[in-house]
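# Notes for the structure review
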Amino acid sequence: MEKMKEIRIGDAYYPVKIDLNVLEYIQETYGSIGEWEMDLKGWHYSKDKDGNRIYDEKGSPVLYRTEPSIKAIRTVLPAMVNEGIAVRAELQGKPWDEMPDLQIISECEIDYTELAAVIREEFNRCFAVKKACRGKGEKQSR
C-alpha cells in the first residue's frame, strides 16, 4: 500500500484517505459525487436569464470557474481525515479514536485553496488506484 498523504490539523499531522467509504459519505451528504467534484474545483454551469443551462454549438454545457467551494471542502475533510486515521490504525493493528468534525475543521489552518488542491489530489489518487487495479488477475480479450 502506498504511503498516505498527511495534513496538519492543530499541532499534529494526520493521514488523509478517500476510498469507497468516503465516496459513499460524499454521495449521501452532497447528493452526487459529480456535483461535489465540480464545486470543489469551482466549476459552474453558465445559465441564461431564465436560469436554463447554456450549451455551445457542439451541445456541451458552457462552464465558468470560480474559487473552490468551502461547502465541498467541509463536506469531505473530516471524513477523509478519520478514514486515514482508521486505515493507518488497521494496518498497524492499533485501536483508534475518531476525531470530532468540529475539531478537524476548527484546527485546520491550511489555506482553503491549498486544501482544495490536496483534496483534489487525493480524490484523483483514489480513482488512479482503482484503474491500476482493474484487470489484475483477469484475462483480457484480444
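Heads up: the structure comes first, above all this text.
Figured I'd write up the structure that's included with this text. (Residues numbered from 1 in each chain as written. Predicted model: local features only at pLDDT ≥ 70, side-chain atom pairs only at ≥ 80, totals over all residues. Heavy atoms only, no water.)

## Let's talk about the packing of helix α1 (residues 20-30) against helix α2 (residues 33-41)
Stated precisely, the cut-off is as follows: Every axis corresponds to a line fitted to the C-alpha atoms, with the helix fit spanning only the stretch in contact, and the corresponding angles, defined between N-to-C directions, vary from 0 to 180 degrees. By the criteria applied, helices consist of DSSP H or I runs no shorter than four residues and strands consist of E runs no shorter than two, each listed in order from the N terminus. An angle below 35 degrees is treated as roughly parallel, one above 145 as roughly antiparallel, one from 65 to 115 as roughly perpendicular, and anything else as oblique. Contact definition: two residues touch when any of their heavy atoms are within 4.5 Å. Each residue is assigned to one class: nonpolar for Ala, Val, Leu, Ile, Met, Phe, Trp, Tyr, Cys and Pro, charged for Asp, Glu, Lys and Arg, and polar for all the others, Gly among them.
With their axes 8 Å apart at the nearest point, α1 and α2 run at an angle of 90° to one another. It follows from the interaxial angle that α1 and α2 lie roughly perpendicular. Across the interface between the two elements, Leu23, Ile26, Gln27 and Tyr30 from α1 touch Ile33, Glu35, Trp36 and Asp39 from α2. Its residues placed into classes, the contact of α1 with α2 shows five nonpolar, one polar and two charged.

## Digging into the pattern of salt bridges
Keep this limit in mind: Each salt bridge in this description consists of a side-chain nitrogen of Lys or Arg and a carboxyl oxygen of Asp or Glu lying within 4 Å of one another. In this scheme, a residue with accessible area under 20% of its type's maximum is buried, one over 50% is exposed, and one in between is partly exposed, where area comes from a 1.4 Å probe on protein chains only.
Throughout the structure, instances matching the rule amount to four salt bridges. A salt bridge links Arg88 to Glu6, with the nearest nitrogen and oxygen atoms 2.8 Å apart. With Arg88 in helix α3 (residues 70-92) and Glu6 in strand β1 (residues 6-9), this residue pair connects regions lying 82 residues apart in the sequence. In this structure Glu6 comes out as partly exposed when scored by relative accessible area, which is 31%. Residues Glu122 and Arg125 are paired through a salt bridge, measuring 2.7 Å at the closest nitrogen-oxygen approach.

## A few points about the pairing of β1
We apply this condition: Two strands qualify as a pair provided DSSP detects at least 2 bridges between them.
Across the two faces of β1 the burial differs, with Ile7 and Ile9 buried and Glu6 and Arg8 not buried at all. In the sheet, β1 pairs with strand β2 (residues 12-15) via four bridges, with the strands oriented antiparallel. Bridge pairing in β2 links Ile7 to Tyr14. Here β1 hands over to β2 after two residues, with Gly10 in that stretch at a positive phi of 65°.

## Thoughts on the side chain of Asp19
Defined as follows: Neither His nor the chain ends contribute to the count of charged residues, in which Lys and Arg are positive and Asp and Glu negative. Here a polar contact is recorded for every N or O atom pair within 3.5 Å, except that within protein the pair must consist of a potential hydrogen donor and a potential acceptor, and residues adjacent in sequence are included only if both atoms are side-chain atoms.
Among the secondary structure elements, Asp19 is positioned in the loop between β2 and α1. Despite its burial, Asp19 remains without a salt bridge, the nearest opposite charge being carried by Lys17 at 5.4 Å. A polar side-chain atom of Asp19 sits 3.1 Å from the main-chain amide nitrogen of Asn21.

## A few points about the packing of aromatic side chains
Put simply, the rule is: Whether two aromatic rings pair depends on their centres lying within 6.5 Å, for rings of Phe, Tyr and Trp, where Trp uses its six-membered ring; planes under 30 degrees apart make the pair stacked, over 60 edge-to-face, and the rest tilted.
Considering all chains together, one arrives at one aromatic pair under this definition. Aromatic pair Trp36 and Phe123: ring centres 5.2 Å apart, planes at 65°, arrangement edge-to-face. Of the two residues, Trp36 is situated in helix α2 and Phe123 in helix α5 (residues 112-133); the sequence distance between them amounts to 87 residues. Residue classification places Trp36 among the buried residues on the basis of a relative accessible area of 0%.

## Looking at the environment of Lys41
Structurally, the position occupied by Lys41 is in helix α2. For the pair formed by Lys41 and Ser69, sequence separation is 28 residues and the distance between their alpha carbons is 7.5 Å. With near-sequence residues (within four places) excluded, Lys41 lies in contact with Arg65, Thr66 and Arg120. Of note is the side chain of Lys41, whose polar atom sits 2.9 Å from the side chain of Glu37.

## Let's talk about α1
This is how the line gets drawn: The arc refers to the directions leading from the helix axis to the C-beta atoms.
Within α1, the full set of buried residues consists of Val22, Leu23, Ile26 and Tyr30. When α1 is viewed along its axis, its buried side chains cluster within an angular range of 100° and face the same direction. Of the residues in α1, the exposed ones pointing more than 90 degrees away from the buried face are Leu20 and Glu28. Two to three positions downstream of the cap, the backbone nitrogen of Asn21 sits 3.1 Å from a side-chain oxygen, assigning the N-cap of α1 to Asp19.

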